[in-house]
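Per-entry structural report
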Amino acid sequence: MKALRWHGAHDLRWDEVPTPSAPRPHEAVVEVTWCGVCGTDLHEFLEGPHMIRTGPHPLTGARPPLALGHELSGTVAALGAPVAGIAVGDRVTADPCWRCGVCYWCTRGEYHLCPKGGSVGLASPGAFAEYVTVPLAGLTPVPDNVSDEMAAVAEPLAVGLHAVSRAGIRPGDNVLVVGGGPIGVAVILAARIAGAAGLYVSEPLAGRRDMLRALGVTEAFDPHEVDVRREVFLRTGRIGPDAVIDATGVPALAAQAVSTVRRGGRVVLAGVGHGAVAFDMGQLVFYERAVLGTLGYTFDIPRVIDLMSAGRLDASALVTGRFPLAGGAGVFADLAADRARHLKVLLTPKDM
Ligand SMILES: [Zn+2]
Ligand SMILES: [Zn+2]
C-alpha cells in the first residue's frame, strides 16, 4: 500500500509499504477514508521529532520512518478479536490512544495518562496511509447519518469535550475561549453543548473571528484591539467568566487567563505549550481560582459520534480543506507556510 511517511523534519515521502494484516488480539486494521491534519502533525513536520521517538516505542515497538495521522475515519478491514456490534466492512472512527491496560492509570480508566501510552501516527504507523492499525478498544461505529468527514473530526472534537468537562462548565456559565483555531472551535462547540450562556472568544485573525461569529459565539474579540479581560468583565455584570479555556499554549496568555477568570473560577490549559508561566500566587489563593491541564480525551469519541448522530453537534464549519493524500507533502508545506488559512484539513487515500 501507499503511505505518507515522516522520515524527519520537512521530509514526508509517499512510500510503498507492506499493508498491515493479521492484527494482534488488541488491534484492528482500518481501511482509511479520511484523516485530518492535526497541529501535532504539523509540529512533527516542521521541527520534529517531538512526540515521535527515534528508538522503538516501549509499547508498540514502532520507530520512524512512519506515517503520521490519528484523526481518522474508514471501514474495518480486519479485527484482531471479535467485537460485539462491529464487523468487517463497518464504518468506524477510532480512539487512537495505545495503552498498556494494566498500569495504575489504565486500570482506573485514565488510559490517556498511561506512562507507556502513545497515539497512532506517533507511537505507531498512522492513518496517512491506505490502511492503519488501531487499538481494538478504540474502534467506534459510525451511524449512517454521520458522514465520513464528520467521523474523522470526532477526535479533535473529543479534545474539546474533555476540556469542557475538566472546566466543569454548567448550564448558564460564561466561558472565555482564548484562541479560535481548531482546538478553540472544538472547545466552543463543546461549551455550547454543556450549556454555556455567554460564549466569548479571543482571536487575533479577522477571518477566524468572522467564522466564529457565524458559529454563533456571543462575541469574538481581537486581543490586539481591545482589553479582552475588561470586555468580558463588563459583559458578565462585573464578575468575569466562570471558566477560561486556553487553546493557544502561549505562557503569557495562560497567566492572563488566571487574572481574567472570575473569583472561584477555573482556568483550563488545552493548548500544547511549554515554558514557565508567571502569576502571583495570591491570584489563586485569595480568589480561590483553579488552574488545570487537559490532555486529549477519555471515552469521549463515542459521545461525539452520538452527539453528531442526534443532530446536537454540527462540526461542518471545522473542515476547510480536502485534498488527496498522495499530494500530502505539498499540503503540509502549504499549511506550514500559512497556518491561518485553514482550520481542519482532511486528506484521503481514495480517488477524489
Ligand atoms: Zn490531533
Ligand atoms: Zn497503562
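Whatever comes next refers back to the structure up there.
Residues numbered from 1 in each chain as written. Chains lettered and ligands numbered in written order. Predicted model: local features only at pLDDT ≥ 70, side-chain atom pairs only at ≥ 80, totals over all residues. Heavy atoms only, no water.

**Some words on the environment of Phe 332**
- As for its placement among the helices and strands, Phe 332 is situated in helix H10 (residues 328–337).
- Distance in space between the C-alpha atoms of Phe 332 and Leu 46 is 9.0 Å, their sequence separation being 286 residues.
- Once residues within four sequence positions are removed from consideration, Phe 332 is found in contact with Leu 4, Leu 12, Val 37, Asp 41, Leu 42, Phe 45, Leu 68, Phe 128 and Leu 347. (Helix = DSSP H or I, 4+ residues; strand = E, 2+ residues; numbered from the N terminus. Contact = heavy atoms within 4.5 Å.)

**Observations concerning the coordination of the zinc ion (ligand 2)**
- The zinc ion (ligand 2) binds to the protein through Cys 100 (SG), Cys 103 (SG), Cys 106 (SG) and Cys 114 (SG), with metal-donor distances spanning 2.3 to 2.4 Å.
- Around the zinc ion (ligand 2) sit four donor atoms, and with donor-metal-donor angles ranging over 105 to 118 degrees the site reads as tetrahedral.
- Sequence spacing of the donors to the zinc ion (ligand 2): C-x2-C-x2-C-x7-C. One end of the pair, Cys 100, is in the loop between strand S7 (97–98) and strand S8 (118–119); the other, Cys 114, is in the loop between S7 and S8, and 14 residues separate them in sequence. (Donors = N, O, S within 2.8 Å, 3.2 Å for Na, K, Ca; no water. Tetrahedral: all angles 85-135°; square planar, octahedral: opposite > 155°, others 65-115°.)

**Let's talk about the sheet that holds strand S15 (residues 266–269)**
- Pairing within the open sheet is parallel, and its six strands lie in the order S13-S12-S11-S14-S15-S16. Strand pairing shows two members of the sheet lacking a second neighbour, strand S13 (219–221) and strand S16 (290–293), which therefore form its edges. On average, each strand axis in the sheet is tilted by 15 degrees relative to the strand beside it, whichever way the strands run.
- Where strand S11 (residues 174–178) lies against strand S12 (residues 198–202), five bridges are found, and the strand directions are parallel. Paired with Val 177 across the two strands is Val 201, which belongs to S12.
- Against the sheet, helix H3 (residues 154–166) engages strand S14 (243–246), S15 and S16, with an angle of about 150 degrees to S15.
- Against the sheet, helix H5 (residues 206–214) makes contact with S12 and S13, and its axis sits at roughly 170 degrees relative to S13, the strand it touches most. (Pairing = 2+ DSSP bridges. Axes fitted to C-alpha atoms, helices over the stretch in contact; angles between N-to-C directions.)

**So, the side chain of Glu 44**
- Mapped onto the elements of the fold, Glu 44 is located in helix H1 (residues 39–47).
- Of note is the side chain of Glu 44, whose polar atom sits 2.9 Å from the backbone nitrogen of His 50.
- Those residues within four positions of Glu 44 in sequence are excluded, and the remaining contacts are Trp 6, Ala 9, Pro 49, His 50, Met 51, Ile 52, Leu 68 and Leu 122. (Polar contact = N/O pair within 3.5 Å; in protein donor to acceptor, adjacent residues only side chain to side chain.)

**Looking at the coordination of the zinc ion (ligand 1)**
- Taken together, the protein ligands of the zinc ion (ligand 1) are Cys 38 (SG), His 70 (NE2) and Glu 71 (OE), with distances of 2.1 to 2.5 Å.
- For His 70, a relative accessible area of 4% translates into the label buried. (Buried < 20%, exposed > 50% of the residue type's maximum accessible area, 1.4 Å probe, protein only.)

**Here we look at the packing of aromatic side chains**
- Considering all chains together, one arrives at five aromatic pairs under this definition.
- Taking 5.3 Å as the distance between ring centres and 70 degrees as the angle between the ring planes, the aromatic pair formed by Tyr 104 and Trp 105 counts as edge-to-face.
- Overall, Tyr 104 belongs to the exposed group, its relative accessible area being 51%.
- Given a relative accessible area of 32%, Trp 105 falls into the partly exposed group. (Phe/Tyr/Trp six-rings, centres within 6.5 Å; stacked < 30°, edge-to-face > 60°.)

**With respect to unusual backbone geometry**
- For the peptide bond that leads from Gly 48 to Pro 49, omega is 5 degrees, which places it in the cis range.
- Mapping Pro 49 onto the fold places it in the loop between H1 and strand S4 (66–67).
- In this chain, Pro 64 is followed by Pro 65 through a cis amide linkage whose omega measures 5 degrees.
- Examined against the element boundaries, Pro 65 turns out to sit in the loop between H1 and S4.
- Backbone geometry at His 10 places phi at a positive 60 degrees, although glycine is not the residue there.
- Looking at the element boundaries, His 10 is found in the loop between strand S1 (2–8) and strand S2 (11–16).
- A positive phi angle is found at Phe 299, which is not glycine, with a value near 60 degrees.
- Along the polypeptide, Phe 299 turns up in the loop between S16 and helix H9 (301–309).

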